[in-house]
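Spelled out from the first residue to the last, the chains are:
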Amino acid sequence: MRSLREALGMYATGVAVVTTALEDGRRAGVTVNSFTSVSLDPPLVLWCLSRRAPSADLFLRAGRFVVNVLAAGQDELSRRFATPAEDKFAGVATSSAGGLPVLEGTLASFACRTVTVHEGGDHLIFVGAVEQFDRTGGEPLVFHSGRYLERVAG
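Residues numbered from 1 in each chain as written. Predicted model: local features only at pLDDT ≥ 70, side-chain atom pairs only at ≥ 80, totals over all residues. Heavy atoms only, no water.

Novice: Honestly, the overall build of the protein in this entry has me stumped. Any pointers?
Specialist: Broken down by element type, the protein carries three helices and 12 strands. The globule rule puts the C-alpha radius of gyration for 154 residues at 15 Å, and the 15 Å found for the protein is close to it. For the C-alpha atoms alone, the extent of the protein along its principal axes is close to 40 × 40 × 35 Å. Relative to its 154 residues, the protein shows a buried fraction of 42%. For the protein, contacts bridging at least 24 residues in sequence account for 63% of all contacts bridging at least 6. The positive charge centre, built from 15 side chains, and the negative charge centre, built from 16, are 3 Å apart in the protein. (Helix = DSSP H or I, 4+ residues; strand = E, 2+ residues; numbered from the N terminus. Rg over C-alpha atoms; globule rule 2.2 N^0.38 Å. Buried < 20%, exposed > 50% of the residue type's maximum accessible area, 1.4 Å probe, protein only. Contact = heavy atoms within 4.5 Å. Lys, Arg positive; Asp, Glu negative; His and termini not counted. Charge placed at Lys NZ, Arg CZ, Asp CG, Glu CD.)

This is the structure in structure tokens:
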């Protein structure tokens, strides 16, 4: 299993934090590198979440989420949302997209309605319809071979 994980790590990915909130105010956020575009017409994206993630039930119940694409230098934010904590949002600047938390300073954000959730082995595959998006531009945070890259070559 470890060697498969290392081989998969050879594929460089961007890093995103997916956030959500319930009407009662509870929020969740998780770091992912499994974000991708599915379709432009209609606009659909997907991301994956471990079935064992403490926030899995909250994401399933919320029915909506925001994908926040992290910028170079936001590795601390990535680590924060990758680590279990009582309140991952403490001290993090956010705005709102229809009541969903949007992280400030990211390259792009996509507010989505969950269209379907597929079974995918030990993960859940969330497909969302993009309802609102924003982009600022800049250099992305990139993950490769188990570490964050300082800068994208180019």
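Next comes the rest of the account.
Novice: Even after reading the chapter, I still don't get the nonpolar core, so can you show me in this structure?
Specialist: Note that soluble globular proteins tend to have their nonpolar side chains buried in a common cluster. Among the nonpolar cores identified, the biggest contains 25 residues, and Val-18, Trp-47, Leu-49, Phe-59 and Phe-65 are the most heavily contacted of them. Breaking this core down by element, the ones donating at least two residues are strand S2 (16-21), strand S3 (27-32), strand S5 (43-50), helix H2 (56-62), strand S6 (64-69), strand S9 (108-120) and strand S10 (123-135). If you tally residues by element for this core, the top one is H2, at four residues. With residues near it in sequence (within four places) discarded, Trp-47 still touches Val-18, Val-30, Val-32, Ser-34, Phe-35, Phe-59, Phe-65, Leu-124, Ile-125 and Phe-126. (Core = buried A, V, L, I, M, F, W, Y, C linked by side-chain atoms within 4.5 Å.)

Novice: Explain the sheet that holds S9 here, please?
Specialist: One key point about sheets: their strands pair by backbone hydrogen bonds, in either a parallel or an antiparallel sense. With respect to topology, seven strands assemble into an open sheet ordered S3-S2-S6-S9-S10-S5-S4, the strand pairing being antiparallel. Each edge of the open sheet is held by one strand with a lone partner, namely S3 and strand S4 (36-40). Looking at each pair of strands side by side, their axes are set apart by 30° on average, direction ignored. Against the sheet, helix H3 (residues 75-82) engages S2 and S3, with an angle of about 120° to S3. (Pairing = 2+ DSSP bridges. Axes fitted to C-alpha atoms, helices over the stretch in contact; angles between N-to-C directions.)

Novice: When you look at a nonpolar patch on the surface in this model, what are you seeing that I'm missing?
Specialist: Taken together, Met-1, Leu-4 and Leu-8 make up a surface patch of nonpolar side chains, about 400 Å² in accessible area. If you trace the backbone, Met-1 turns up in the segment before helix H1 (2-8). With relative accessibility at 83%, the residue Met-1 sits in the exposed group. (Patch = residues over 30% accessible without salt bridge, like charges linked within 9 Å, V, L, I, M, F, W, Y side chains within 5 Å. Areas by Shrake-Rupley, 256 points an atom, 1.4 Å probe, with all protein chains shown as cover. Salt bridge = Lys/Arg side-chain N within 4 Å of Asp/Glu carboxyl O.)

Novice: What exactly am I supposed to notice about the sheet that holds strand S12 (residues 147-149) here?
Specialist: The three strands lie next to each other as S1-S11-S12, forming an open sheet whose pairing is antiparallel. The open sheet has two edge strands, strand S1 (13-14) and S12, and neither has a second partner. Bridge count between S1 and strand S11 (residues 142-144): two bridges; the pairing is antiparallel. Residue pairing across strands places Gly-14 opposite Val-142, the latter belonging to S11.

Novice: Is there a simple way to explain the environment of Pro-42 in this structure?
Specialist: If you trace the backbone, Pro-42 turns up in the loop between S4 and S5. Spatially, the C-alpha atom of Pro-42 lies 31 Å from that of His-144, the residues being 102 residues apart in sequence.

Novice: Would you mind going over the pattern of salt bridges with me for this structure?
Specialist: If charged atoms from side chains of opposite charge come close, those side chains can pair. Enumeration over the complete set of coordinates arrives at six salt bridges. Measuring nitrogen to oxygen at the nearest pair gives 3.5 Å for the salt bridge that ties Glu-6 to Arg-2. Here Glu-6 and its partner Arg-2 are both found in helix H1, four residues apart, which amounts to about one turn of the helix. The exposure class assigned to Glu-6 is partly exposed, which follows from its relative accessible area of 46%. Among the ionic pairs, Asp-57 bridges to Arg-61, the shortest N-O distance being 3.6 Å. Linking Asp-57 with Arg-61, this pair stays in helix H2, spanning four residues, or about one helical turn. Asp-57 sits in the partly exposed class, given a relative accessible area of 44%.

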